[in-house]
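Listed below are the residues making up each chain.
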Amino acid sequence: MRALLLALPLLLANAEDPTIPPTIKSMLDAAMESGSEADVAVIVKYAKNADPASADLVMRIASDWRNERQQTAQRKLREADFLDLVKGHAELGGYVSTGNTENIGLSAAIQLRREGIEWRHKLRFQADYQESLGVTTQDRYLAAYEPNWKFDDRAYLYGAAQYERDRFSGFNSRFSLSAGAGYSAIKSSAMKLDLELGPAFRQTDFIDQTAESNVAARGSLDFGWKVSRGISVTQTASAYLEQSNSTVATKSALLTKLIGPLSAQFSYSVQFESMPPIGRKTTDTTSRAALVVDF
């Protein structure tokens, strides 16, 4: 009798903690091994209907798996060196442009991004250059840096500094500074959407030797969608709204994996200036086909 009383708690525990059916267990193990939280969530969802008795145990195992992954990721971020978390995206290709220039040329761009626990750093360089019969017909350069302080899982504060040179849009140089708030409206392994809004200051030196300094409002969005394992779609847009001249820039891109880190990218960009210098058009469009290397 005494032995039965000692074994009773174990018997009750086993009764409350049923065994997961082998089929569900194997699918759950495979989903966790793949590292896909979406796949694990699907298994947990359908396990409730397939075997309600073990649903709580399946959910507990999946929850422990997610917590362990998060803790491991946090630990790696804390222990990593600065350069260990830097990821890059380099483009080299050609384009066809319409608007102030109608020609074919070459384009190069590089983006660097470091994602830490509290801080995210983004650095971007772009150059478009065209020379025809010894005459420069396209001469555009851009450099931008944006630090983000993530004070919440989705919300963050940003700073942004940008330099542009585009004589064919009417200015020799333009400096922009901005600070404000950002929010990750969509945040998953397959899709993301970051929105930003804040005040800005811009100084522009035009090709006619005049200069302007204005306070503006800045807004931006950064959308990415992994349609499948080898195809991605991105959409970026930024707007500077000011009294004398507003600027809107957008870029839509389709990225297709080729082999390893190499991909093919097709993109379409629009640059709009509400009040360009006399003789300049308000809108430039650029279609690009480029080879992309992720590192």
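Our subject in this report is the structure included herewith. (Residues numbered from 1 in each chain as written. Predicted model: local features only at pLDDT ≥ 70, side-chain atom pairs only at ≥ 80, totals over all residues. Heavy atoms only, no water.)

A few words on the side chain of S269. By the element assignment, S269 lies in strand β11 (residues 262-273). Accessibility expressed as a relative area gives 13% for S269, which makes it buried. Of note is the side chain of S269, whose polar atom sits 3.3 Å from the side chain of R288. Excluding its chain neighbours within four sequence positions, the residues that come into contact with S269 are T250, K251, D284, T285, T286 and R288. (Helix = DSSP H or I, 4+ residues; strand = E, 2+ residues; numbered from the N terminus. Buried < 20%, exposed > 50% of the residue type's maximum accessible area, 1.4 Å probe, protein only. Polar contact = N/O pair within 3.5 Å; in protein donor to acceptor, adjacent residues only side chain to side chain. Contact = heavy atoms within 4.5 Å.)

Let us look at the nonpolar core. One finds I20, I24, L28, M32, V40, V44 and V58 to be the most contacted residues of the largest nonpolar core, which totals 13 residues. Residue assignment for this core shows that the elements contributing at least two residues are α2 (22-34), α3 (37-50) and α4 (55-79). Contacts of I20, omitting those with residues within four sequence positions, involve K25, S54, L57, V58 and I61. (Core = buried A, V, L, I, M, F, W, Y, C linked by side-chain atoms within 4.5 Å.)

Enumeration over the complete set of coordinates arrives at two cavities of 30 Å³ or more. Empty space within the largest cavity amounts to approximately 50 Å³. For the lining of the largest cavity, the secondary structure elements donating two or more residues are β7 (191-206) and β8 (211-226). Examining the composition of the lining of the largest cavity, we find that three residues originate from one element, β7, more than from any other. The residue makeup of the lining of the largest cavity, split by class, is one nonpolar, three polar and four charged. By volume, the second largest cavity amounts to about 40 Å³. Lining the second largest cavity, in full, are S169, F171, R174, F206, N245, E273, M275, P276 and P277. Of the residues contributing to the lining of the second largest cavity, the split by class is five nonpolar, two polar and two charged. (1 Å grid on protein atoms, 1.4 Å probe; cavity = no way out; pocket = protein on both sides within 12 Å on 5 of 7 lines; lining within 4 Å. Points joined across faces, edges and corners; volume = space filled by probe spheres on them. Nonpolar A, V, L, I, M, F, W, Y, C, P; charged D, E, K, R; others polar.)

So, about the pattern of salt bridges. Per the counting criterion, the structure on display carries 18 salt bridges. For R120, the salt bridge identified is with E115, shortest N-O distance 3.0 Å. Classification of E115 as partly exposed rests on a relative accessible area of 29%. Note that R165 and D139 form a salt bridge whose closest N and O atoms lie 3.5 Å from each other. Placement of R165 in strand β5 (residues 155-166) and of D139 in strand β4 (residues 135-149) is noted, with a sequence separation of 26 residues between them. Judged by relative accessible area, which is 26%, R165 ranks as partly exposed. The exposure class of D139 is buried, given its relative accessible area of 5%. Taken together, the shared-partner salt bridges connect R140, E164, D166, R174 and E273 into one network. (Salt bridge = Lys/Arg side-chain N within 4 Å of Asp/Glu carboxyl O.)

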